[in-house]
Amino acid sequence: MAIDPESPLDKLWQEYGRVFHDFDDLTLARWLAQTLGQLKGRAWRLSHPLLGAYRLAAQIAHDRQIWLQRLATPPPAYTEAACCRAPLLPLLTRDVLESGLVCQHCSATAVPLEEIPAELQSSLKSWAEEYAPVHAVAHWEDRQRKSVGDYDRAYENAARETERLLAQAGAQIAPKFLDFYPAIVWEDQDECMEVRPEDIPL
Ligand SMILES: [Zn+2]
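Residues numbered from 1 in each chain as written. Predicted model: local features only at pLDDT ≥ 70, side-chain atom pairs only at ≥ 80, totals over all residues. Heavy atoms only, no water.

> I would appreciate a short explanation of the coordination of the zinc ion in the present structure.
Octahedral metal centres with six donors ideally show angles of 90 or 180 degrees, and tetrahedral centres with four donors ideally show 109.5 degrees. For the zinc ion, every protein donor is listed as Cys83 (SG), Cys84 (SG), Cys103 (SG) and Cys106 (SG), and the spread of their distances is 2.3 to 2.4 Å. Angles of 104 to 120° at the metal separate the four donor atoms of the zinc ion, which places the site in the tetrahedral class. Sequence positions of the residues that donate to the zinc ion give the spacing C-C-x18-C-x2-C. Residue Cys84 is located in the loop between α3 (49-63) and β2 (90-92), and its partner Cys103 is located in strand β3 (residues 101-103); the two are separated by 19 residues in the primary sequence. No difference in accessibility class separates Cys84 from Cys103, as the two residues are buried. (Donors = N, O, S within 2.8 Å, 3.2 Å for Na, K, Ca; no water. Tetrahedral: all angles 85-135°; square planar, octahedral: opposite > 155°, others 65-115°. Helix = DSSP H or I, 4+ residues; strand = E, 2+ residues; numbered from the N terminus. Buried < 20%, exposed > 50% of the residue type's maximum accessible area, 1.4 Å probe, protein only.)

Here is the structure:
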């Protein structure tokens, strides 16, 4: 999730984010706290516009250390993230086995895998273990590509599998997190497999 200053898409998001630079600290803190109230109780697509706006504001708030100043009170359901002490709003990605759940404020690991509630771990692990070899098709070397004969078809099949697995994450796995977290975000795309949010209807 690191920002690449050369990426046209990241440049566009930086342009979108300028609106929050004009907010003073108190206004920004209140906007975040109020929006957290509206995010509560749902599993959110990473691509959702409200979540996108929240993430932009949250990253600017992180740069300004807004949460450490205690200018506004977030809804009490949100605990403090260990990574940066912002309210915990975790992101579920295909890299969950290595990276755990990712913080929407500082982009670090907010919840390491071993601290994810045990009730969620087994379905999460089997999902991520199923996902990894499917995703790996995008990164096959020439030798592997040639070994299957028709690589385009193998890639196409893997892309369809990716869509199915992401739909499973959004429809079945992410909602279970709401028993433990006030809100959860799930990554609804896979850039290596060219799977976009609109390819994953729920
Ligand atoms: Zn954080």
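There's more to say after this.
> Help me out: how do you make sense of unusual backbone geometry in this one?
Residues apart from glycine generally show negative phi values, whereas peptide bonds are mostly found in trans. For Arg85, which is not glycine, the phi torsion reads 65° and is therefore positive. In this fold, Arg85 is placed in the loop between α3 and β2. The backbone of Glu194 sits at a positive phi, close to 55°, despite the residue not being glycine. Here Glu194 is to be found in the segment after β5 (184-186).

> Looking at this structure, how should I read the nonpolar core?
Among soluble globular proteins, nonpolar side chains are generally buried collectively. Ranked by size, the top nonpolar core spans 63 residues in total, and within it Leu92, Ile116 and Phe177 carry the most contacts. Going through the elements one at a time, α2 (25-39), α3, β2, β3, β4 (109-111), α5 (118-136), α7 (151-177) and β5 are the ones with two or more residues in this core. The contact partners of Leu92, leaving out residues within four places of it in the chain, are Leu101, Leu124, Ile173, Phe177, Ile184, Val185, Trp186 and Glu187. (Core = buried A, V, L, I, M, F, W, Y, C linked by side-chain atoms within 4.5 Å. Contact = heavy atoms within 4.5 Å.)

> Which parts of the structure should I look at to understand the side chain of Glu163?
Structurally, Glu163 is set in helix α7. Excluding residues within four positions of it along the chain, Glu163 makes contact with Val195, Asp199 and Ile200.

> Please clarify how the packing of aromatic side chains should be interpreted in this entry.
The description of an aromatic ring pair rests on the distance of the ring centres and on the angle between the ring planes. Enumeration over the complete set of coordinates arrives at seven aromatic pairs. On the basis of an interplanar angle of 45° and a centroid distance of 5.9 Å, the ring pair of Trp140 and Tyr151 is categorised as tilted. Note that Trp140 is positioned in the loop between α5 and α6 (142-147) and Tyr151 in helix α7, a separation of eleven residues in sequence. Note on Tyr151: relative accessible area 13%, which makes it buried. Three or more aromatic residues joined by ring pairs make a cluster, and in this case those are Phe20, Phe23 and Trp31. The positively charged end of Arg55 is found above the aromatic ring belonging to Trp13, 5.8 Å away from the centroid. (Phe/Tyr/Trp six-rings, centres within 6.5 Å; stacked < 30°, edge-to-face > 60°. Lys NZ or Arg CZ within 6 Å of the ring centre and 35° of its normal.)

> Would you explain a nonpolar patch on the surface in this entry?
Together, Leu9, Leu12 and Tyr16 make up an exposed nonpolar region whose accessible area comes to about 280 Å². Mapped onto the fold, Leu12 is located in helix α1 (residues 8-21). Look at Leu12 and you get partly exposed, because its relative accessible area is 31%. (Patch = residues over 30% accessible without salt bridge, like charges linked within 9 Å, V, L, I, M, F, W, Y side chains within 5 Å. Areas by Shrake-Rupley, 256 points an atom, 1.4 Å probe, with all protein chains shown as cover. Salt bridge = Lys/Arg side-chain N within 4 Å of Asp/Glu carboxyl O.)

> Would you take a moment to explain the sheet that holds β3 for this structure?
Two orientations exist for strands paired in a sheet by backbone hydrogen bonds: parallel and antiparallel. Overall, mixed pairing links the five strands, which are arranged β1-β5-β2-β3-β4 in an open sheet. For this open sheet the edge positions go to β1 (43-45) and β4, each flanked by a neighbour on one side alone. Taking the axes of each pair of neighbouring strands and ignoring which way they run, one obtains an average angle of 40° across the sheet. In this structure, β2 lies alongside β5, joined through two bridges in parallel fashion. Counted as the bridge partner of Leu91 is Val185 from β5. (Pairing = 2+ DSSP bridges. Axes fitted to C-alpha atoms, helices over the stretch in contact; angles between N-to-C directions.)

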